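Results of the structural survey
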Amino acid sequence: MVLAAGLGTRMRPLTDSRPKALVEVAGRTLIDRVLDELVEAGVTRAVVNVHHFADQMEAHLATRPDLEVLISDERAELLDSGGGIQHAREKLGEEPIFVANIDSLWIAEREPPLETLKRAWNPERMDILLLLVRRGNGIGFEGPNGFFMDNHGRLTHSVLPEPPTPYANIGFGILKPQVLDASPKTGPFSILPVWHRLQAEGRLCGAVMDAFWMHVGDPAARDAAEQRLS
């Protein structure tokens, strides 16, 4: 599941005439960079949600020859992180899925990050596994929002400035679709309440990637990422 439906307001003026997912970084669109990583990790089918300049997105995604792309149409209403996945459930099926945001890029240092995620995934003891980066090993961090992790990989989410969290969520993970069974069936909602429920159950876990992370949230961050990639 690729979450690509946002308005990209912080990326203006680059998103005045196109969706954020079609903003280019070092000559390649954000959506294609994400799909490239998923294909390398073995993904053969991706569900992509669309809203802002949805026609442009559909036309662009139709040009991908290397995987099947299904569109989850959110033209009528933006559904947020949890609602977007719930809306796409019929297309996603009931097996565990990758979930990916389109504004995270990385420069791998050793093991490819999605291989780290796959290796750490243990469905017996986790329902969501988030890909994390160590503080100080990336650009584009915003505020104190982050995670503590115990020595079994279980996460505790925090938005407090003290004590500082050692890890940030980069917007990629593995998720069992069934974690949304108790959530609203329609309409917008955030995934955060699901995180917090699973955290209390000890089934929200993390894997720390061996890579330098670049959060491409605004034009300045896009320029900084281009500089790193070049």
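Before going into details, it helps to say that this report is about the structure given with it. The structure displayed is predicted, hence computed values, not measured ones. (Residues numbered from 1 in each chain as written. Predicted model: local features only at pLDDT ≥ 70, side-chain atom pairs only at ≥ 80, totals over all residues. Heavy atoms only, no water.)

1. Quick notes on the environment of E90
Summarising the element assignment, E90 is placed in helix α4 (residues 89-92). Owing to a relative accessible area of 80%, E90 belongs among the exposed residues under this scheme. Sequence separation between E90 and S72 is 18 residues; the distance between their C-alpha atoms is 9.8 Å. (Helix = DSSP H or I, 4+ residues; strand = E, 2+ residues; numbered from the N terminus. Buried < 20%, exposed > 50% of the residue type's maximum accessible area, 1.4 Å probe, protein only.)

2. Quick word on the environment of V99
Following the sequence through the fold, V99 ends up in strand β6 (residues 97-101). In sequence terms V99 and M1 are 98 residues apart; their C-alpha atoms lie 4.8 Å from each other. Beyond its immediate stretch of four places on either side in the chain, V99 contacts M1, L3, I85, G171, F172, G173 and L175. (Contact = heavy atoms within 4.5 Å.)

3. Digging into the nonpolar core
In this structure, V2, I31, L38, M57 and L114 are the most contacted members of the largest nonpolar core, which totals 47 residues. Looking at which element gives the most residues to this core, the answer is helix α1 (residues 30-40), with five residues. Those residues in contact with L114 that sit more than four places away from it in its chain are E37, L38, A41, F98, W106, L131 and F172. Formed by 24 residues, the second largest nonpolar core is a distinct cluster that contains L92, I97, F189 and I191. (Core = buried A, V, L, I, M, F, W, Y, C linked by side-chain atoms within 4.5 Å.)

4. Examining the environment of P13
As for its position among the elements, P13 is in the loop between β1 (2-3) and β2 (24-25). Sequence separation of P13 and K118 is 105 residues, and the distance between their C-alpha atoms is 37 Å.

5. Observations concerning the sheet that holds strand β9 (residues 138-139)
A sheet is described by the order of its strands in space; here three strands give the open sequence β7-β14-β9, paired in mixed fashion. Every interior strand has two partners, whereas the edge strands, β7 (104-108) and β9, have only one. Strand direction decides the pairing type here: β9 and strand β14 (residues 211-215), joined by two bridges, are parallel. If you follow I139 over to β14, its bridge partner there is M214. (Pairing = 2+ DSSP bridges.)

6. A look at the packing of aromatic side chains
Applying the stated criterion to the full structure yields two aromatic pairs. A centroid spacing of 4.9 Å and a plane angle of 70 degrees characterise the contact between W106 and F172, whose relative ring orientation is edge-to-face. Taken together, the residues span a long stretch of sequence, with W106 in strand β7 and F172 in strand β12 (residues 167-175) at a distance of 66 residues. Here W106 and F172 have matching classes, each one buried. (Phe/Tyr/Trp six-rings, centres within 6.5 Å; stacked < 30°, edge-to-face > 60°.)

7. Focus: the packing of α1 against helix α2 (residues 54-61)
Taken N-terminus to C-terminus, the directions of α1 and α2 make an angle of 40 degrees; their axes are 11 Å apart at the nearest point. Put simply, α1 runs oblique to α2. Seen along the crossing, α1 lies across α2 with a hand that is right-handed. In this structure, α1 uses I31, D32 and L35 to contact α2, whose residues at the interface are M57, H60 and L61. Split into classes, the residues belonging to the contact of α1 with α2 amount to four nonpolar, one polar and one charged. (Axes fitted to C-alpha atoms, helices over the stretch in contact; angles between N-to-C directions. Parallel < 35°, antiparallel > 145°, perpendicular 65-115°, else oblique. Left-handed = near helix turned anticlockwise from the far one by under 90°. Nonpolar A, V, L, I, M, F, W, Y, C, P; charged D, E, K, R; others polar.)

8. Here's the deal with helix α5 (residues 113-120)
A turn of α-helix holds 3.6 residues, and therefore any two residues three or four places apart point the same way. All of the buried residues in α5 are P113, L114, T116 and L117. Angularly, the buried residues of α5 cover 155 degrees about the axis, an arc narrow enough to put them on a single face. (Arc of directions from axis to C-beta.)

Distances and angles like these do not, on their own, reveal function.
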